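Working through the structure, step by step
Listed below are the residues making up each chain.
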Protein chains: 2
Amino acid sequence: MRDVAIIGIGITKFGELWGASFRDVGIEAGLKAVNDANLSGSEVDALYVGNMSAGRFVGQHHIGALIADYSGMASSNVPATRIEAGGASGGMAFRQGYMAVASGLHDIVVVGGAEKMTDVDDESSNSIVDSSADHQWESSMGATFASLHAMIARRCMHDGLVTREEIASVSVNNHAHGALNPNAQFRKAITLDTVLRSGIVADPLGMFDCAPISDGAAAVVLCPLDKAKDYVENPVKIASSAQASDTLALFHRDDITTFNATAVAAQKAYTMAGITANDIAVAEVHDSYTISEILALQDLGFFKRGEAGKAVMNGDATFGGKIVINSSGGLKARGHPIGATGVAQIVEITEQMRGTAGKRQVENAKYGLAQNTGGTGSAAVVSILEAI
Amino acid sequence: MRDVAIIGIGITKFGELWGASFRDVGIEAGLKAVNDANLSGSEVDALYVGNMSAGRFVGQHHIGALIADYSGMASSNVPATRIEAGGASGGMAFRQGYMAVASGLHDIVVVGGAEKMTDVDDESSNSIVDSSADHQWESSMGATFASLHAMIARRCMHDGLVTREEIASVSVNNHAHGALNPNAQFRKAITLDTVLRSGIVADPLGMFDCAPISDGAAAVVLCPLDKAKDYVENPVKIASSAQASDTLALFHRDDITTFNATAVAAQKAYTMAGITANDIAVAEVHDSYTISEILALQDLGFFKRGEAGKAVMNGDATFGGKIVINSSGGLKARGHPIGATGVAQIVEITEQMRGTAGKRQVENAKYGLAQNTGGTGSAAVVSILEAI
């Protein structure tokens, strides 16, 4: 397999984008990425799109052809493929794009992720999101993702792995980072008290423990590493990308205080990249709920089991600490347009590897990691980028 | 890239499977394919699933994780990826699986396609299917796939490229083949008169010009060609697989009497396989409507423009003719569970290459082709299999 580089990135503002349609946001991100790679668009060999449910959010399936067409690529008949894996749709699309270049089949590949969630009412949007859980045994019985994650949080607290305050500190950390990100949905730093006093969604998780409903899109351009400098001065190497599954339903797991799919994908990704967790300076992790970030930090090997909460609370997951987690603001503060999230993580890590993250820049970062999950940790994609 | 072989196939009966759930049909096909490849299941490195809209048909997203889990593969954390491209979902999943093995990233890959369409009412199922057209400019304005294909048929007839009787003969041909297929939804031969007298759906197309609403699933197992004989005696080589896009909306095309995406994908596939259309002895083509088959036969190069209708009518697309088209019965008679269709085509061509198609066997077939489209020819995947 060939080495692959990222040569272009693009992202829209995340938030409630009522003035833009699904296709508008998808195309904005894609064109920004193509421009960033100094391409005209006609060089693109293939397109991958991560999207969870345009079929239910905006009544549109066949998203690959849609985005290819409205990006002006129909005339060059570019193969366009949509990937869906709930919250991991974007990360999985990225991995497919990576494989398409690594295999030698395609040279220039655009990977986009997009979701437009605010065109339906709140009840519908929650029902759509929850359809990534096991419909037959979870969501149709009334279990929501919030309640499933609340059970995880409750179990972790019961087992002495984390405290309520430590869980809440994840939100404080990510909001502090989001305040530095001009594209973030929420740009206001908050206090622990705000999180702890917020309305309960599913005990013990409150409103500030849950990522929002968002619109937005992100895109990256990939090419073989040995051709990357033909296009840009600042390519970033994809050191690895790995994917794993777990049971769809939470109750089928032996242990709900860890996401096994993340641990397995991370181990594969570290091995493929020839590094360990200690080499990672900055990571975007999947904090759809604050408790998910706690699990991620342990499953990725950044902190030992039972120590992630303390680390976040003590400033070890922010600037100046052991590792910077969710410099973008994460799903909680940057926003979580589902299909876009995994690609937005790659955009942020690429900025970090390029050294162009501005106020969010992590010093001397050689390796960065993105972890994107779908369902209740039922699918995970872990990708590692390398500054070159 | 490595050469890739098909070492296992599995398919369910197609039809109105009210006794089975979505996951039931998906798993039945997958386990049949794994058994057919003489595997236990633990050897599987990755899973790809083609599915159009379980999200709307049965309220379930995250199909990759679902099928991995209920196939018993969650414990081995197999990466599972769902592909959606309207009617081309299955063919596109097959191409991704092919790439995953060809790249060297995975060895044993299962590709499945599944759809359960009969659990919703007729109005809903049509609305879901039509959401693969351009929602903003076609389906939300009242255009259905039947009416879009009727416009194509009317234009072809106006231009003297085909007659109504020739279009109808596609249905006669495919029903005759479906009568020989134990898994087909419709196993009754029909006459031209039956097609011509059937109730009008969208003039000139009648009920017998339209593929049915169906439930069903199909799966194949892939591995590197040089390891194939370790598992089975009868591997089939994947000579090529190519994909192309066109505009999503029909009215954006210069010419609606041809599907450009099919022509482009076919040319790539022939080049990659080092053969021409004349080398193909048997082909499964995407006859979601009878007129689509007429276009396919010309765009794939089997017959000259304006001659496909005559060829079907004169027996040149059936046993004893120039080429056997849709030996399975095609979408019209075998049935069209959308996400399953592209993989079911590969199952049929694999049977033909193995020489195990029974009453439907085409003699001395060295090469077979599958053409799967999404939308109104907005995406096309063309794959060529080779008997070895």
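Not measured: the values here are computed from a predicted model.

Here the focus is the relation of the copies chain B and chain A. The two copies are related by a screw motion: chain B maps onto chain A through a turn of 180° and a shift of 0.0 Å along the axis, at an RMSD of 0.0 Å. Accordingly, the operation relating the two chain copies is best matched by a two-fold axis. Nearest to the rotation axis, the C-alpha of Ser103 of chain B is located 2.0 Å from it, this being the minimum over chain B. Most of the interface of chain B is mirrored in chain A, where 100% of its interface residues are also at the interface.

To continue, consider the packing of helix α1 (residues 22-36) of chain B against helix α3 (residues 63-70) of chain B. Residue and element names in this part refer to chain B. It is the contact of α1 with α3, at a shortest axis distance of 10 Å, that shows an interaxial angle of 60°. Judged by the twist between their axes, the crossing of α1 over α3 is right-handed. For the pair formed by α1 and α3, the contact residues are Arg23, Gly26, Ile27 and Gly30 on the first element and Leu66, Ile67 and Tyr70 on the second. For the contact of α1 with α3, the residue count by class is 4 nonpolar, 2 polar and 1 charged.

Residue-level pLDDT values for chain A average 97, and 100% of them are 70 or greater. Taken over the whole predicted complex, pTM reads 0.97, whereas the ipTM for its chain interfaces reads 0.95.

Residue and element names in this part refer to chain A. Between Asp203 and the following residue, Pro204, the backbone shows a cis peptide bond with an omega angle of 15°. Topologically, Pro204 is positioned in the loop between β5 (200-202) and β6 (205-206). Not every positive phi belongs to a glycine, and Asn38 is a case in point at roughly 60°. Locating Asn38 in the fold gives a position in the loop between α1 (22-36) and β2 (46-50). Residue classification places Asn38 among the partly exposed residues on the basis of 14 C-beta atoms within 10 Å.

Take the pairing of strand β1 (residues 4-11) of chain B next. Residue and element names in this part refer to chain B. Among the 8 residues of β1, 8 are classified as buried, and the element is accordingly described as predominantly covered. Bridging between β1 and strand β8 (residues 236-245) involves 3 bridges; their strand directions are antiparallel. Its bridge partner lying in β8, Val4 is registered against Ile238. Pairing between β1 and strand β7 (residues 215-224): 7 bridges, direction antiparallel. Along β7, the bridge assignment pairs Val4 with Pro224.

Turning to helix α6 (residues 145-158) of chain A, a few remarks are in order. Within an α-helix, residues lying three or four positions from one another point in the same direction, as the helix has 3.6 residues per turn. All names here are of chain A. Taking 1.5 Å per residue as the helical rise, α6 with its 14 residues ought to reach 20 Å, and the 20 Å between its terminal C-alpha atoms agrees with that figure. Residues of α6 that are buried: Phe145, Ala146, Leu148, His149, Ala150, Ile152, Ala153 and Cys156. Against the buried residues of α6 lie α5 (122-130), α7 (164-178), β5, β6 and α10 (290-299). Phi turns positive one or two residues past the end of α6, at Gly160, with a value near 75°.

With 51 residues of chain B at the interface, the matching set in chain A holds 51 residues. Elements supplying a minimum of two residues to the side of chain B that touches chain A: α2 (54-57), α3, β3 (80-84), α4 (89-102), β8 and α9 (260-273) of chain B. Residue classes in the side of chain B that touches chain A are distributed as 23 nonpolar, 23 polar and 5 charged. Pairing of strand β3 (residues 80-84) of chain A with β3 of chain B, which is carried by 3 bridges, proceeds in the antiparallel orientation.

Residues and elements named next belong to chain A. Checked against the element boundaries, Ile11 lands in strand β1 (residues 4-11). Take Ile11: there are 26 C-beta atoms within 10 Å of it, and that puts it in the buried class. Spatially, the C-alpha atoms of Ile11 and Met353 are 16 Å apart, while their sequence positions differ by 342 residues. Sequence-distant contacts of Ile11, defined by excluding residues within four places in its chain, comprise Ala29, Asn183, Ala218, Ala344 and Val347.

A few words on the domain arrangement of chain A. In many reports, interface size means the accessible area that the parts give up when they come together. Residue and element names in this part refer to chain A. When cut into domains, chain A gives domain 1 (4-121 + 214-236) and domain 2 (134-210 + 238-387). Relative to domain 2, the C-alpha centre of domain 1 lies at a distance of 23 Å. With 38 residues of domain 1 in contact, the opposing surface of domain 2 contributes 36 residues. Counting residues per element, the ones that place at least two in the side of domain 1 that touches domain 2 are β1, α4 (89-102), β4 (109-116) and β7 (215-224). A total of 8 residues in the side of domain 1 that touches domain 2 trace back to one element, the largest contributor, which is α4. Of the residues in the side of domain 1 that touches domain 2, the class split is 21 nonpolar, 13 polar and 4 charged.

Residue and element names in this part refer to chain A. Taking burial as the measure, the 8 residues of β4 include 8 buried ones, the bulk of the element. Burial along β4 is two-sided: Val109, Val111, Gly113 and Glu115 and Val110, Gly112, Ala114 and Lys116, pointing in opposite directions, are all buried. Two strands pair when backbone bridges link them, and β2 and β4 are joined in this way by 5 bridges, in the parallel orientation. Looking at β4, one finds that Tyr48 is bridged to Val111. In terms of strand pairing, β4 meets β7 through 8 bridges, oriented antiparallel. Opposite Ala114, over in β7, you have Ala217 as the bridge partner.

What counts, and where the lines are drawn
- Residues numbered from 1 in each chain as written.
- Chains lettered and ligands numbered in written order.
- Predicted model: local features only at pLDDT ≥ 70, side-chain atom pairs only at ≥ 80, totals over all residues.
- Least-squares fit on C-alpha atoms with pLDDT ≥ 70 in both.
- Contact = placed C-beta atoms within 7 Å.
- Axes fitted to C-alpha atoms, helices over the stretch in contact; angles between N-to-C directions.
- Helix = DSSP H or I, 4+ residues; strand = E, 2+ residues; numbered from the N terminus.
- Left-handed = near helix turned anticlockwise from the far one by under 90°.
- Nonpolar A, V, L, I, M, F, W, Y, C, P; charged D, E, K, R; others polar.
- pLDDT = per-residue confidence, 0-100.
- Buried ≥ 20, exposed ≤ 12 C-beta atoms within 10 Å, placed from the backbone.
- Pairing = 2+ DSSP bridges.
- Expected span 1.5 Å × (residues − 1).
- Domains from an automatic or database assignment.

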